[in-house]
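Topology and contacts: notes
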Amino acid sequence: MKLKVKEYDRGYIKDVSRKFNLSKISSRILLNRNITEYNEIEEFLNPDFKYFENAKNYKDLQRGCSRVLEAIDKNQKIIIYGDYDVDGVTSISQFILLLSKAGADVDYYVPERENEGYGISSEFVEKLKDNRIEADLVVTVDCGIAEIEKIACISEMNKDVVIIDHHQCKEELPPAYAVIDPKQKDCPSKNKHLCAAGLSFKFLKHLNTYLKVEDIEDVLLELACLGTIADIVDLFGDNRVIAKNGLRKINNTRLIGLKKLIEVSGIKDKEIESYHIGFIIAPRINAAGRMDTAKKAIKLMLSSDEQEAEKLALELEALNALRKQAESVIFEEAVNKIETDFLYKKSIIVVYGENWHEGVLGIVASKLTDKYEIPSVVISMKEGIGKGSARSLECVDIFEAFTAVKQYLLKYGGHKLAAGLTIEEKNINIFADELNSYIFSLNRDDSLNEIEADSYIEAKDVSFDLYKEICMFEPYGSGNPKPVFALKDAELKNIRKVGRDGSHLSFVLVKDNREISVIGFGKIGILEKVLTKPSAYVVTMSLNEFNGRKSIQLVLQNVEDSDKLDYSIDDEKMKVLNSVINKSKSKIIKTDIFVLVEKLNKIYNTKITAEEIICMLKKADNIQYALKNEVLYIKK
């Protein structure tokens, strides 16, 4: 792994720092996000609604609003049809809140994941056809853009359809009354990365200029913020306006259901940030659609009764616990298959199992992609038909990859980093082979072996002043990640494993006579790299609070490997290590390296460190060793 830190014109960095009263480090962070013009920097630092793009720039948005206004005026029945994830739930909830207050005859429909699957379900179309569901106007949110045949079928029933979607468009668009999707080729909008919740907010905010419902837009903004952060869209432009201002509203939420969900999640007394939404609130909302029905999450968001809201919030908490359990079982089975069949050596992992719970496939795919650092597709087989979810990396557009092998799929949809599919069991092997060949053929550079950092820092830069500055760049998320720094030529001290399962690393870095505490969450897997004198530590910065005392700590992300190990063996310490090796009766010594350090220092009264042990083993010509997590293997 090699470090990549972009260089910029020093004069321009100095100008930006002076104009916006920022450190040079913060100025580099802005430039790394391609925020280079003064007006862009001003908008990023102060994402006010005055920068919000005019809704009329979106193709068909005005036409769609006019049709909704007509339906309200004529007392026609409106059905809001949405997906079962956070984006869909928050989009549906926004529509119901505003339209019901405007006096519309409105209801919603959300498909059941297991029985109906993603998108507009055949069951819904059949219910419309035989009048089990009444509707004059159907508004789809977070789905619909790929449903050409079903939209055509609904239109043939003399029912109008307005599509509000953000997924990739195919060449042919559905024959809907209005299609609002910024990814359409002829949509003139500049904000192309809004999710459905953001688009719904823009649509309804514009609609309300006609309806004039009072005291509603702040609540809609809260819901739009939830969907925007949960759907991992780029937090620039309109998305940043929604996320930044929405978080302020969420911290004093007027949604009783959200308030109760925050309480049962154990974050009642915390300042809610993008992290809390992405990793605590969103999984609980998603758990409803994954493990039961998304209707429970929608009811929670719409609830005006404290007791009902608390009951629903507790149900979502229980469903989330079930989700974690199911996810853990499938993840372990998938890893076993991957390692048994060496699937991690492919360009993309395609793994499947019988009756895997469809509600957690996306999460498992995401974890596999993180673990193996290649795209992953996880498929659940039932009666010869597989339904799957895929997660990718920036270097591979998974939607385009699926399009390249679409002849093997019954159905697919999604975007660059995430997609879903339906496939016949007989086609899985050829699909996996062709998909692997396609991705292998892509012209990719060696960026996977690079670690990108925003800026080098010195020990003196690890301060409350810099921390406060980078907090101005929140909320962090896709397109605006937490700033990453590189600290070079630091000395390692006091390393140990921590955490309930010992998967975290804790140590101190010493540079320029300053000691800086570092925590590496889940970084036990790179212990050997940390112990072999890396040329730089790649970190983020966080606030640590303990016993009422606040301090700045660094959070380890990775290390840059040294080209050559710069270490001179201490002969006395090498004798101690050889003594332990020679005394062992086993041909292979297996020990916890931290236990070994304690043992050596106690028995031999030395001051040997884990770093010294690994460096000595690495430099020794006649000793074979391996360090897997904290377990050290030495072959005599």
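Basis of the calculations
Residues numbered from 1 in each chain as written. Predicted model: local features only at pLDDT ≥ 70, side-chain atom pairs only at ≥ 80, totals over all residues. Heavy atoms only, no water. Helix = DSSP H or I, 4+ residues; strand = E, 2+ residues; numbered from the N terminus. Rg over C-alpha atoms; globule rule 2.2 N^0.38 Å. Buried < 20%, exposed > 50% of the residue type's maximum accessible area, 1.4 Å probe, protein only. Contact = heavy atoms within 4.5 Å. Polar contact = N/O pair within 3.5 Å; in protein donor to acceptor, adjacent residues only side chain to side chain. Core = buried A, V, L, I, M, F, W, Y, C linked by side-chain atoms within 4.5 Å. Pairing = 2+ DSSP bridges. Axes fitted to C-alpha atoms, helices over the stretch in contact; angles between N-to-C directions. Parallel < 35°, antiparallel > 145°, perpendicular 65-115°, else oblique. Left-handed = near helix turned anticlockwise from the far one by under 90°. Nonpolar A, V, L, I, M, F, W, Y, C, P; charged D, E, K, R; others polar. Salt bridge = Lys/Arg side-chain N within 4 Å of Asp/Glu carboxyl O. Arc of directions from axis to C-beta. Phe/Tyr/Trp six-rings, centres within 6.5 Å; stacked < 30°, edge-to-face > 60°. Lys NZ or Arg CZ within 6 Å of the ring centre and 35° of its normal.

Each helix and strand counted, the chain has 23 helices and 22 strands in total. Relative to a compact globule of 636 residues, whose C-alpha radius of gyration would be 26 Å, the chain shows 27 Å and is just as compact. Counting all 636 residues of the chain, 54% fall into the buried class. Long-range pairs, those at least 24 residues apart, make up 67% of the contacts in the chain with a sequence separation of at least 6.

Moving on: the side chain of Asn-245. Checked against the element boundaries, Asn-245 lands in helix α11 (residues 237-250). Using a relative accessible area of 13% as the deciding quantity, one classes Asn-245 as buried. Within the structure, the side chain of Asn-245 is placed 2.8 Å from the backbone oxygen of Pro-47, a separation counted as a polar contact. In this structure the side chain of Asn-245 is engaged in a polar contact, spanning 2.8 Å, whose partner is the backbone oxygen of Val-241. Not counting residues up to four positions away in its chain, the partners in contact with Asn-245 are Pro-47, Phe-49, Leu-221 and Arg-240.

If you look at the biggest cluster of nonpolar residues, it comprises 74 residues, and the most contacted ones within it are Ile-78, Ile-80, Leu-99, Val-139, Phe-203 and Ile-281. The next biggest cluster of nonpolar side chains, apart from the first, holds 65 residues, and it includes Leu-30, Phe-44, Leu-509 and Val-580.

By the element assignment, His-206 lies in helix α9 (residues 196-211). Overall, His-206 belongs to the buried group, its relative accessible area being 11%. In this structure the C-alpha to C-alpha distance between His-206 and Ala-55, which are 151 residues apart in sequence, comes to 6.5 Å. One polar contact links His-206 to Gln-62, side chain to side chain, over a distance of 2.7 Å.

So, about the sheet that holds strand β20 (residues 588-592). With respect to topology, 3 strands assemble into an open sheet ordered β20-β22-β21, the strand pairing being antiparallel. Both outer strands of the open sheet, β20 and β21 (624-628), are each paired with one neighbouring strand and no more. Between one strand axis and the next, the sheet turns through 15° on average, direction left out of account. Bridge analysis of β21 against strand β22 (residues 631-635) gives 5 bridges, and the strand direction is antiparallel. Among the inter-strand pairings, Lys-628 is bridged to a residue of β22, identified as Val-631.

Here the focus is the sheet that holds strand β16 (residues 504-511). Spatially, β13-β14-β18-β19-β17-β16-β15 is the arrangement adopted by the 7 strands of the open sheet, whose pairing is mixed. Strands with a single pairing partner mark the edges of an open sheet, and in this sheet they are β13 (455-456) and β15 (491-498). Where β16 lies against strand β17 (residues 514-520), 7 bridges are found, and the strand directions are antiparallel. Within β17, the position partnered with Phe-507 by the bridge is Val-518.

So, about the pairing of strand β10 (residues 411-414). By the alternation rule, side chains of β10 split into Tyr-412 and Gly-414, which are all buried, and Lys-411 and Gly-413, of which none is buried. Summarising the sheet, β10 and strand β11 (residues 418-424) pair through 4 bridges and their orientation is antiparallel. Each residue of the ladder has a partner; that of Gly-413, found in β11, is Gly-420. Adjacent in sequence and paired antiparallel, β10 and β11 are bridged by 3 residues.

As a packed pair, helix α1 (residues 10-20) and helix α3 (residues 38-45) sit with axes 12 Å apart at the nearest point and diverge in direction by 45°. With respect to α3, the element α1 is oriented oblique. For α1 against α3, the interelement crossing comes out right-handed. Contact residues: Tyr-12, Asp-15, Val-16, Lys-19 and Phe-20 in α1; Tyr-38, Ile-41, Glu-42 and Leu-45 in α3. Looking at side-chain class alone, the contact of α1 with α3 contains 6 nonpolar, no polar and 3 charged residues.

In this section: the packing of helix α14 (residues 295-302) against helix α15 (residues 306-340). One way to put it is that α14 packs onto α15 with a least axis distance of 9 Å and a crossing angle of 145°. Read as a crossing pair, α14 and α15 show a hand that is left-handed. Residues Lys-296, Ala-297, Lys-299 and Leu-300 of α14 form the contact with α15, whose own contacting residues are Ala-309, Leu-312, Ala-313, Glu-315, Leu-316 and Leu-319.

Turning next to the pattern of salt bridges. Two side chains with opposite charge may pair up if their charged atoms get near one another. This model, assessed by the stated rule, comprises 38 salt bridges. Taking the shortest distance from any N to any O, the salt bridge between Glu-123 and Lys-127 comes out at 3.2 Å. With Glu-123 and Lys-127 both in helix α7 (residues 122-129) and 4 residues apart, the pair spans about one turn of that helix. The exposure class assigned to Glu-123 is partly exposed, which follows from its relative accessible area of 37%. Note that Arg-132 and Asp-130 form a salt bridge whose closest N and O atoms lie 3.0 Å from each other. Where salt bridges share partners, they join Arg-67, Glu-70, Lys-74 and Asp-160 into one cluster.

Attention shifts here to α3. Among all positions of α3, only Ile-41, Phe-44 and Leu-45 are buried. Taken down its axis, α3 places every buried residue within 90° of arc, on the same side. Contact partners of the buried residues in α3: α1, α2 (24-32) and α11.

Now for the environment of Ser-586. Checked against the element boundaries, Ser-586 lands in the loop between α21 (571-583) and β20. Separated by 214 residues in sequence, Ser-586 and Tyr-372 have C-alpha atoms that sit 33 Å apart.

Now for the packing of aromatic side chains. If you walk through the whole model with that rule in mind, you get 17 aromatic pairs. Each ring, one from Phe-44 and one from Phe-236, has its centre 5.9 Å from the other, and the planes form 35°; the classification is tilted. Here Phe-236 lies in the loop between α10 (217-230) and α11 and Phe-44 lies in helix α3, a separation of 192 residues in the sequence. A relative accessible area of 4% means that Phe-44 is categorised as buried. Where Phe-342 meets Tyr-344, the ring centres are 6.2 Å apart and the plane angle is 65°; that geometry is what we call edge-to-face. A relative accessible area of 32% means that Tyr-344 is categorised as partly exposed. Three or more aromatic residues joined by ring pairs form one cluster here, namely Tyr-12, Phe-20 and Tyr-38. Here Lys-19 stacks its cationic end above the ring of Phe-20, 5.9 Å away from the centre of that ring. The ring of Phe-49 has Lys-205 sitting right over it, with the charged end atom 5.1 Å from the ring centre.

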